[in-house]
Amino acid sequence: MGLLSDPNRRRALISMLTRLNAPICVVCYFAGVAWFMGLAFEPFTLRTYMSENAMGSTMVEERFPAGERALATGREFAAHKKKVGGMPVDWLVKNMQDRGLEVFTQSFSRTLPFPDENKERYIVKGTNVYGILRAPRAPRTEALVLSAPCSPGDNNNQAVGLLLGLAQYFRNQIYWAKDIIFLVNEHDLIGMQAWLEGYHHTNTTGMSWSPLQGRGGSIQAALSLELSSDVITSLDLVLEGLNGQLPNLDLANLFYAFCQKIGVLCTIQGKLQRNDWDSVSGYNHAVQTMMLMVMKQASGRPWGDHGLFLRYHIEAATIKGVNSFRQYKTDATTIGRLLEGMYRKLNNLLERLHQSYFFYLMPSLSHFVSIGYYMPAFGLLAVILLLRALDLWVQLNTPPSTTQDGVADIDQQSSPGVLSVLTPLVISHLTGVALYALPIRFQETAVEHFPVSETEAVVLTAIAIYTAGLALPHNTHRLLSGEGTEQGWRVLKLVAVLYLAVLLGCTALINFSLGFILALTLVPLAAFVTPHVPKVLSAFILVILSPACTLLFSVFFFQELQDMPVSFQDGWLLYLSVISQGILDHSLYGSLVYPLIALLVYPCWLLFWNILFWK
């Protein structure tokens, strides 16, 4: 405190920070990147452990015997699904009633803002079927959910069969202290959204659905099951939910503990567990796994039906059965016993899962990186913005230089007008509003005048507005106040740098992965862009580091991480698909990534673009 309270020492510190500002910023940037890359190294990670005492032991005896019968039920379900051309509602209702459940249905419909070409749907109508197993030993104030989406074609029939088999087995047990809801939802996430909104009496997306006639208690946890083959070689755990939310780490720990007990091969991000952490290949494997989690979390989209439960503070995950033609095989009976063990432990909960971490990264199922370890990597990037803001503030408060005759430099002495700073700020954000609102509103006009589909019209309109926005704030300060002053761009940059620091900080607190990826690209340009750098080269770098190009590079990088590289043409088509899916996710489920980019990140980037061409 003495250093800051002493005026002489404070001036010396500020003088040192401004004199060494650029070197310190460069060191902080590379230190932040190095810190993040080191998170996958074993000394930086912690071994997973169970924090919830009620689930601390896996000493339960799993006895589920009916795996083959569940697969036969799944084949029967597939035959009825093919016969009716959709979900066999009557057959499901009858089978659930035969198993002693209280069975209810919910119809729903949703008209998409534009056709979803990936799944070839526009007007979606469907029915959810769910059965409730009432708790025989409790007042029925709490519930658990086991769901299986009814997917088109031959997908996930085995999961529905196993769900019905577990329902029949659970019905004969007397130790349940919570209601168990067995849910088969149609149209994947849309059906799940309708059911959750009906269960919690909310309607945040404008979907039309019929009220639920039956309810259980307050949902404590949920698992979504996806099996698409009779032969399963491993089980993959999916954690990433809407807007980057993650379930409590104890849920992942519970899954891993029972996989270890029963002897089931388990993966995360499709990557097997490795023990050679000290080797280069082992470290690369851990980095790939962690980066896949970062990329998925940054997308903000739910990567399974479980992702929508997290919005309601319900801890949930998706378990996917994988058939990768390995020699190791797992039968349906073993998977059923794993689920039985997990639900018996969740049945013991006296309160919601809360003792373990909600913010973490996982380079493997046996290790995790807590928020206390990965936040310094972001902090090292964010401090660059604060250092640059300090440097700009000192420059603005430095007395103007004088000429040989003792007259102050007029350009340095004149203070910038309010409009010269406010005008680019307002126009940049109006451009962002146009990028957010106009693509969907103008799709019909675009289809009438151009030979494109509705989806192509939305995506191409968004790209056109994004590109046209580069010209709108360009030298807008000259429209009202003539030539800009030297002090003017410094004031604008000071505002933009502080704006970006607050924006990235708030984003990282909600979705660390998204905030860190944006910081990697936006912090360098924010730190060093000025009107005095070479225009052509700097403009090229700014475009390369823009949000749109960052998304394009992320698409190719994500495919590389999945060991599925694509050509530039296929990558471009995938890029357009990602844009349309991001807009759809916002309209259907409330994903915040698209409005964040359009209304805040893109206008902030436009401010730096305007600074580059300041005259």
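Just so you know, these numbers come straight off a predicted model, no measurement behind them.

## Digging into the environment of Trp572
Part 1: Secondary-structure assignment places Trp572 in helix α21 (residues 568–589).
Part 2: Here Trp572 falls in the partly exposed class, since its relative accessible area comes to 34%.
Part 3: In this structure the C-alpha to C-alpha distance between Trp572 and Arg337, which are 235 residues apart in sequence, comes to 44 Å.
Part 4: Here Trp572 is in contact with Leu552 and Phe556, once residues within four sequence places are set aside.

## As for the packing of helix α17 (residues 486–510) against helix α22 (residues 593–612)
Part 1: Axis separation between α17 and α22 bottoms out at 10 Å; the angle between their running directions is 150 degrees. In this view, α17 runs roughly antiparallel relative to α22, as classed from their interaxial angle. Here α17 and α22 pass one another in a crossing that is left-handed. Judged by residue contacts, Trp489, Leu492, Lys493, Ala496, Val497, Tyr499, Leu500, Leu503 and Thr507 of α17 engage Leu596, Leu599, Leu600, Val601, Cys604, Leu607, Phe608, Asn610 and Ile611 from α22.
Part 2: Within the contact of α17 with α22, the residues separate by chemical class into 15 nonpolar, 2 polar and 1 charged.

## Looking at the environment of Thr333
Part 1: Mapped onto the elements of the fold, Thr333 is located in helix α10 (residues 332–347).
Part 2: Residue classification places Thr333 among the buried positions, given a relative accessible area of 14%.
Part 3: Here the alpha-carbon distance between Thr333 and Ser147, two residues 186 residues apart in the chain, equals 18 Å.
Part 4: Among all residues touching Thr333, those that are not within four sequence positions of it are Phe64, Pro65, Ala66, Gly67 and Glu68.
Part 5: Reaching out from Thr333, the side chain makes a polar contact with the backbone nitrogen of Gly67 at a distance of 3.1 Å.

## Regarding the UniProt feature "transmembrane region" (unreviewed entry) in the protein
Part 1: According to UniProt, the positions carrying the feature "transmembrane region" (unreviewed entry) are residues 20–41, 371–390, 418–438, 496–529, 536–558 and 592–614.
Part 2: Between the C-alpha atoms that bound residues 592–614 the distance is 32 Å, and the span itself is 87% helix and 0% strand.

## Digging into the domain arrangement of the protein
Part 1: Domain assignment breaks the protein into domain 1 (65–365) and domain 2 (420–613).
Part 2: Each of domain 1 and domain 2 was reduced to a C-alpha centroid, and the two centroids are 36 Å apart.
Part 3: If you look at the interface, domain 1 gives 33 residues, while domain 2 gives 32 residues.
Part 4: Summing both partners gives a buried area of about 2800 Å² for domain 1 against domain 2, and 62% of it is carried by carbon and sulfur.
Part 5: When the buried area of domain 1 at its contact with domain 2 is split by residue, Phe114, Asn243 and Met295 rank highest and sum to 25% of it.
Part 6: Seen at the junction of domain 1 and domain 2, the total is 2 salt bridges.

## Points about the side chain of Glu197
Part 1: With respect to the secondary-structure elements, Glu197 resides in helix α7 (residues 188–199).
Part 2: A distance of 3.4 Å separates a polar atom in the side chain of Glu197 from the backbone nitrogen of Thr204.
Part 3: Reaching out from Glu197, the side chain makes a polar contact with the side chain of Trp209 at a distance of 2.9 Å.
Part 4: Excluding residues within four positions of it along the chain, Glu197 makes contact with Thr202, Asn203, Thr204, Thr205, Met207, Trp209 and Tyr312.

## Some points on unusual backbone geometry
Part 1: Phi angles above zero are rare outside glycine, and Asp188 is one such case at about 40 degrees.
Part 2: By the element assignment, Asp188 lies in helix α7.

## Side note on the sheet that holds strand β12 (residues 360–364)
Part 1: On the basis of which strands lie adjacent, the open sheet formed by 3 strands has the order β1-β13-β12 and antiparallel pairing. In this open sheet, the two strands that pair with only one neighbour each are β1 (46–47) and β12.
Part 2: Pairing between β12 and strand β13 (residues 367–370): 3 bridges, direction antiparallel. From the neighbouring strand, Tyr360 faces β13, where its bridge partner is Ser370.

## Digging into helix α4 (residues 67–84)
Part 1: End to end, α4 covers 26 Å across 18 residues, agreeing with the expected 26 Å (1.5 Å per residue, within 8%).
Part 2: Buried residues of α4: Gly67, Ala70, Leu71, Thr73, Gly74, Phe77, Ala78 and Lys81, and no others. In a view along the axis of α4, the buried residues occupy a sector of 155 degrees, so they form one face of it. With respect to the buried face of α4, the exposed residues turned more than 90 degrees away are Glu68, Arg69 and Lys83.
Part 3: Where α4 is buried, its residues touch α5 (89–98), β4 (142–150), α6 (157–171) and α10.
Part 4: Looking one or two residues beyond α4, the residue adopting positive phi is Gly85, at roughly 70 degrees.

## Some remarks on the nonpolar core
Part 1: With 116 residues, the main nonpolar core has Phe36, Trp195, Phe309, Trp605 and Phe608 as its most contacted residues.
Part 2: In this structure, this core is formed jointly by two domains, domain 1 (65–365) and domain 2 (420–613), each of which donates at least three residues.
Part 3: Excluding anything up to four places from it in sequence, Phe309 contacts Val145, Met192, Trp195, Leu196, Ala222, Ile314 and Ala316.
Part 4: Ranked by size, the runner-up nonpolar core spans 67 residues in total, among them Cys150, Tyr169, Phe182 and Phe258.

## Observations concerning the sheet that holds strand β5 (residues 179–186)
Part 1: Spatial ordering of the open sheet is given by β6-β2-β3-β5-β4-β7-β11-β8-β9-β10, a layout of 10 strands whose pairing is mixed. Only two strands of the sheet have a single neighbouring strand rather than two, namely β6 (208–209) and β10 (271–272).
Part 2: Sheet analysis places strand β8 (residues 234–238) next to strand β11 (residues 315–322), joined by 5 bridges and oriented antiparallel. Paired with Ser234 across the two strands is Val322, which belongs to β11.

## Notes on the pairing of β8
Part 1: For β8, a buried count of 5 out of 5 residues is recorded, marking the element as mostly surrounded by other parts of the structure.
Part 2: Of the two faces of β8, the one lined by Ser234, Asp236 and Val238 and the one lined by Leu235 and Leu237 are each fully buried.
Part 3: With 3 bridges joining them, β8 and strand β9 (residues 266–268) adopt parallel strand pairing. Residue pairing in the sheet places Leu235 in a bridge with Cys266 of β9.
Part 4: In this view, the connection linking β8 to its parallel neighbour β9 by way of helix α8 (residues 249–262) has right-handed handedness.

## Examining the pairing of strand β7 (residues 218–226)
Part 1: Extensive coverage of β7 is indicated by the burial of 8 of its 9 residues.
Part 2: Bridging between β4 and β7 involves 6 bridges; their strand directions are parallel. Along β7, the bridge assignment pairs Glu142 with Ser218.
Part 3: By the bridge criterion, 6 bridges tie β7 to β11 in an arrangement that is parallel. Pairing of Leu223 across the sheet is with Ala317, part of β11.

What counts and what doesn't
Residues numbered from 1 in each chain as written. Predicted model: local features only at pLDDT ≥ 70, side-chain atom pairs only at ≥ 80, totals over all residues. Heavy atoms only, no water. Helix = DSSP H or I, 4+ residues; strand = E, 2+ residues; numbered from the N terminus. Buried < 20%, exposed > 50% of the residue type's maximum accessible area, 1.4 Å probe, protein only. Contact = heavy atoms within 4.5 Å. Axes fitted to C-alpha atoms, helices over the stretch in contact; angles between N-to-C directions. Parallel < 35°, antiparallel > 145°, perpendicular 65-115°, else oblique. Left-handed = near helix turned anticlockwise from the far one by under 90°. Nonpolar A, V, L, I, M, F, W, Y, C, P; charged D, E, K, R; others polar. Polar contact = N/O pair within 3.5 Å; in protein donor to acceptor, adjacent residues only side chain to side chain. UniProt positions renumbered as here; feature names shortened; annotations may be inferred. Domains from an automatic or database assignment. Buried area = accessible area lost by both parts, 1.4 Å probe. Salt bridge = Lys/Arg side-chain N within 4 Å of Asp/Glu carboxyl O. Pairing = 2+ DSSP bridges. Expected span 1.5 Å × (residues − 1). Arc of directions from axis to C-beta. Core = buried A, V, L, I, M, F, W, Y, C linked by side-chain atoms within 4.5 Å. Right-handed = clockwise from strand over helix to strand, strands pointing away.

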